[in-house]
Structures are given as C-alpha cells and as structure tokens.
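Observations on the model geometry
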Amino acid sequence: MSDTDFPYGNPADSDAGLLIRREKLLGKNAPLFYEQPLHLVRGEGVHLYDADGQQYLDVYNNVANVGHCHPRVVQALSTQAATLNIHTRYLHETILEYGENLTKTFADPLSMVMFTCTGSEANDLAMRMARHTTGAKGIICTNETYHGNTAAVDALATLFGGGQPRGENVKSVPFPDGYRPQDNLHGRALCDAYLRAIDQAIAEFEEEGVGFAGVLMCPIFANEAVPSVPAGYLSGVADRVRANNGLLIFDEVQSGFGRTGSMWGYEFVGVQPDIVTLGKPMGNGHPIAGVVASPELVNSFRADVMYFNTFAGNPVSCAVAKAVLEVVHEEKLVQNAEDVGHYLRAGLCDLQQHYDAIGDVRGPGLFIGVELVRDRISKAPAPELAARVINKMKAKHVLISKIGPFDNVLKIRPPIVFSKENADQLLETLDLVLKELALEDGVL
Ligand SMILES: Cc1ncc(COP(=O)(O)O)c(C=O)c1O
C-alpha cells in the first residue's frame, strides 16, 4: 500500500470530516465539548491554538497546571525518553528523588507513595487499601460525585446514577451545600444534618454486616461544583470515620498541586486524611497519578498484596512529574493560585451586582464556580443559560465549562499560571457575553 492509498481519511479533513471519522471510531456518545467542537493543534502557557491558528484563553484545563507545554517539563520528558524508559521493577534514582520530593510536601505520617497511571486507579487502590486494612467493605461517598472509571470506582459515580451509587457496598450521603441547604437549615444545624447522614450510613453498613471501611471524598467537592461547605463538616466527618475505625480518603485528583492556594486541598480545609489520591495535574498532561499514605498502611497492604503496575511511576513519568513539582515551587504557583483566585472572585462578585442570573460565586483558589439561576429568590437553576454562556465564551476565544447537579454552574479552573491580566480578559468577556444575552432575548 502506498501513502496515497491510505484508506482511513484525509489528514487534511475539515472539522466535519474529523467528526464523522471520530464517531465511526469512538462511538456517537464519546464526549466532546461545545456545540461546535474545537480542533486544537497547539498549546503554550495559558493559551491553546486551533487548526486555523486562532488563540484561545484556557480557563478550564487543570491538567496543564503549570501551563501547556511548559519548556522545563517538555525538556525533562524528552531527555529521559531519549535515555531510558522501562517498567517499574528496576532501581532508578529519578523515581526515588521524585517520590522523596513529593512526600516531603505532606504532613506526617503521609510519607509513602504508590504510583498509578490515572486518578481512577489511584482511587481504586485507595479503596482496596481501606478495605484491606479494616477488613470491612463499606465506602461512603457523596450523592453528586465522580471519582473515576474502574469498575470499583464507578460504583461511586452518583453523578451519573441519579444520586445513587452504581455498585455494591457503597452508600451516598448528600453533599454539604451552603447555597441550597438541606431543609433550609443554617450554621451548626446544617452541619449536624449533613453529619447525621454519615452516622446513618455507617450504622446501616454495620447492621447489614458489610462493615465500614471509610469515606472517600474530594476535600473541595470539585465535582459537586465546589459548594460552600458548612464550617465543621469535614472535621466532623473525620471524627466519625476515626471513631468507627474507618479510613478517611481524600481524592485530591482535582484539589492537589496548588489549585486551592494551598499545596494540598487537605491543608486548605484543615483536616488531615489517612490516604490522599493524586492525578490530573501531577504530570501536566503526562499520565502519572498515585496514592500517598502512612508507612503503616502501605507496608501492611504490600505485605499481603502484590501490587504491580507496568507503567506507573516509570522513569519518564517520574522525570516529568519531578519537573512539574519543581516548577510549582520555583514559580510560586501555589501563591499565584491564591492571589489570582482572590482577584478573580472579587471581579466575579462585582459582575454579580449587575446580573441577577449570577446566583452565587464560590470556590477556593483558582477553582471557581459561578452558579446561574433564573432568579435569585427561587434559585431555580438555569442550565440552558449556562450552556449558552460557555458556547458564546468559546466563540469569543475564552474556554470555560459547566458542572453541578443541575449543570448550571460555570466551571472556572485554569492552569495555575493564570495571571491577573488573564483574569481581566475572562471578566471582560463574561460581561460582554451576559450583556449580549440580555439584549438578545432578555434572558437576564
Ligand atoms: C475528583 C476526581 N477523581 C478522580 C478522577 C479520575 O481520574 P482519571 O480520569 O485520571 O482516571 C477524576 C476525573 O475527572 C476526578 O475529577
């Protein structure tokens, strides 16, 4: 077969052509962003470029935490890839150097790491560790969550399961929500109501003979649309977990590596877990993830379970992740997430003064949720408006998305190299889009 006979489509295909090929290969429901999908070809810092050379401000991608194609990370990857890459049953300095640098950023006794390739695998492994250590099976999660796609972790995917977990030995509790509070409660009473659901789930696991292994939650409830959490909720959860001999697992796949303005989400919320899971930003796009826990937990698990993962923590992945961690420290990106996040939230609160459709602005560091509502009194969600806003923003070359139980919360979560000038561009574009929508059909 000659090059010209290549039967699988023309490399110079239009976007419509790519869509047809994609659907044929990956299936009709393979997810894609935006009414008119984006065909990206290049990234640099906080910018992405499409096939026509158009520049977009990336206000969505937390994976490219230190900026797209950061030269230091690219260099680390290519140097190690040109030297050695191998599976993980050999000695290698970089793996240990990275593991040491990483675990130094955690508080005692979180001093050991097990590498995985994805956040899903990390959560899967954390659940195995919790079940192994406690000898019980029951895991508690929230009713609007997502922690990954392995069979065990998919059992927790209440976000796609109508609020109910999709597998056995899992119970969901209402996520703590300060904007749409359960029974219109407030303060301590609201916190206590949410904590009672934890007590009840633990009691049910015991009655059913399943036993209680632990709680798996994101400390900032990223997939629950970064709700304002009643004070004392997470420490109340931790108290209950420990009183019932379970383990507290924090899924830091989204909240880790500086996103919140603290290095780790657990520091931001002031509650220390027994196990932390990591992923997305860890390799700035390269697939590396992991579980951090105490020597006691890791060693007792390893004593009984031969855990091996062909690709996880290989020399190239560790060289990349080591460079990412160095960039986070040297460019002071944790502080940047705090400073720019503060600036951006203030700008969004200003916009809220002008648009009734903005019901709530919330979230830590550079993870901000802007909840759109039909009116502020009823708080009726406005998902169609959120869809229109993100598509219009994209047409003006600013990329955001939406999330939440009602799909009505604008999701603002850029690489943490995002600057105040970038924040200004986002704010000006959002203002323009909301103005246009108001003029178009008075939806605001
Ligand atoms: C909080 C959280 N945990 C885990 C995962 C799964 O990570 P991965 O897609 O790398 O398996 C995700 C993915 O969106 C996530 O948001």
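Residues numbered from 1 in each chain as written. Predicted model: local features only at pLDDT ≥ 70, side-chain atom pairs only at ≥ 80, totals over all residues. Heavy atoms only, no water.

So, about the domain arrangement of the chain. Looking at the assigned domains, one finds that the chain contains domain 1 (33–66 + 332–441) and domain 2 (71–330). The C-alpha centroid of domain 2 is placed 26 Å from the C-alpha centroid of domain 1. The interface is formed by 34 residues belonging to domain 1 together with 31 residues belonging to domain 2. Between domain 1 and domain 2 lies a buried interface of about 2,600 Å² when both sides are counted; carbon and sulfur atoms form 58% of it. Between domain 1 and domain 2 we count one salt bridge in total. Note that Glu371 and Arg180 form a salt bridge whose closest N and O atoms lie 2.3 Å from each other. (Domains from an automatic or database assignment. Contact = heavy atoms within 4.5 Å. Buried area = accessible area lost by both parts, 1.4 Å probe. Salt bridge = Lys/Arg side-chain N within 4 Å of Asp/Glu carboxyl O.)

Right, let's talk about the confidence of the model for the chain for a bit. With 97% of its residues at a pLDDT of 70 or more, the chain has an overall mean of 95. This stretch, residues 1–9, has a pLDDT under 50; its non-local contacts, to residues over four places away or in other chains, come to three contacts. (pLDDT = per-residue confidence, 0-100.)

Here helix α10 (residues 315–330) is 16 residues long and its end C-alpha atoms lie 22 Å apart, about the 22 Å a rise of 1.5 Å per residue gives. Among the 16 residues that make up α10, 13 are buried, leaving the element largely enclosed by the rest of the structure. Just downstream of α10 lies Lys332, where phi reads positive at about 50 degrees. (Helix = DSSP H or I, 4+ residues; strand = E, 2+ residues; numbered from the N terminus. Expected span 1.5 Å × (residues − 1). Buried < 20%, exposed > 50% of the residue type's maximum accessible area, 1.4 Å probe, protein only.)

Another aspect to go through is the site of the ligand. Close to the ligand lie Thr118, Gly119, Ser120, Asn123, Tyr146, His147, Gly148, Asn223, Asp251, Val253, Gln254 and Lys280, which account for all nearby residues. At 2.9 Å from an oxygen atom of the ligand is found a main-chain nitrogen or oxygen belonging to Gly119. Between the ligand and Ser120 there is a distance of 2.4 Å, counted from an oxygen atom to a side-chain nitrogen or oxygen. Ranked by residue count, the leading element in the shell around the ligand is helix α4 (residues 119–134), at three residues. Of the residues that constitute the shell around the ligand, the class distribution is two nonpolar, eight polar and two charged. (Near = heavy atom within 4 Å. Polar contact = N/O pair within 3.5 Å; in protein donor to acceptor, adjacent residues only side chain to side chain. Nonpolar A, V, L, I, M, F, W, Y, C, P; charged D, E, K, R; others polar.)

What follows deals with the pattern of salt bridges. This model, assessed by the stated rule, comprises 23 salt bridges. In this structure, Lys396 and Glu436 form a salt bridge, with 2.8 Å as the shortest nitrogen-oxygen distance. In this pair, Lys396 sits in the loop between α12 (383–395) and β13 (398–399) while Glu436 sits in helix α13 (residues 420–441), placing the two residues 40 residues apart along the sequence. We classify Lys396 as partly exposed; its relative accessible area is 28%. For Glu436, a relative accessible area of 27% puts it in the partly exposed group. It is possible to trace a salt-bridge network through shared partners that takes in Arg72, Glu97, Lys322, Glu326 and Glu330.

Note that the residue after Asp108, namely Pro109, is joined by a cis bond; omega there is 0 degrees. If you trace the backbone, Pro109 turns up in the loop between α3 (93–103) and β4 (112–116). One non-glycine residue with positive phi stands out, namely Ala225, at about 75 degrees. Here Ala225 lies in the loop between β7 (212–217) and α7 (233–243).

What follows deals with the environment of Ala126. When you line up the elements, Ala126 lands in helix α4. Aside from chain neighbours lying at most four places away, what touches Ala126 is Ile249, Ile275, Thr277 and Val291.

The way to describe two aromatic rings as a pair is by their centre distance and the angle between their planes. Counted according to the given criterion, the structure contains eight aromatic pairs. Taking 5.8 Å as the distance between ring centres and 65 degrees as the angle between the ring planes, the aromatic pair formed by Phe33 and Tyr34 counts as edge-to-face. With centroids separated by 6.3 Å and ring planes inclined at 80 degrees, the aromatic side chains of Tyr194 and Tyr233 adopt a geometry described as edge-to-face. Taken together, the positions of Tyr194 in helix α6 (residues 187–208) and Tyr233 in helix α7 put the pair 39 residues apart, joining distant regions of the chain. We note that Tyr194, like Tyr233, is buried. Through a chain of ring-to-ring contacts, the aromatic side chains of Phe106, Phe257, Trp264 and Tyr266 assemble into a single cluster. Across from the ring centre of Tyr179, 4.4 Å away, lies the NZ or CZ of Lys379, which sits over that ring. (Phe/Tyr/Trp six-rings, centres within 6.5 Å; stacked < 30°, edge-to-face > 60°. Lys NZ or Arg CZ within 6 Å of the ring centre and 35° of its normal.)

Residues of helix α2 (residues 71–81) that are buried include every one of Val73, Ala76 and Gln80, and no others. When α2 is viewed along its axis, its buried side chains cluster within an angular range of 60 degrees and face the same direction. Summarising the contacts, the buried residues of α2 are in contact with α3 and α10. (Arc of directions from axis to C-beta.)

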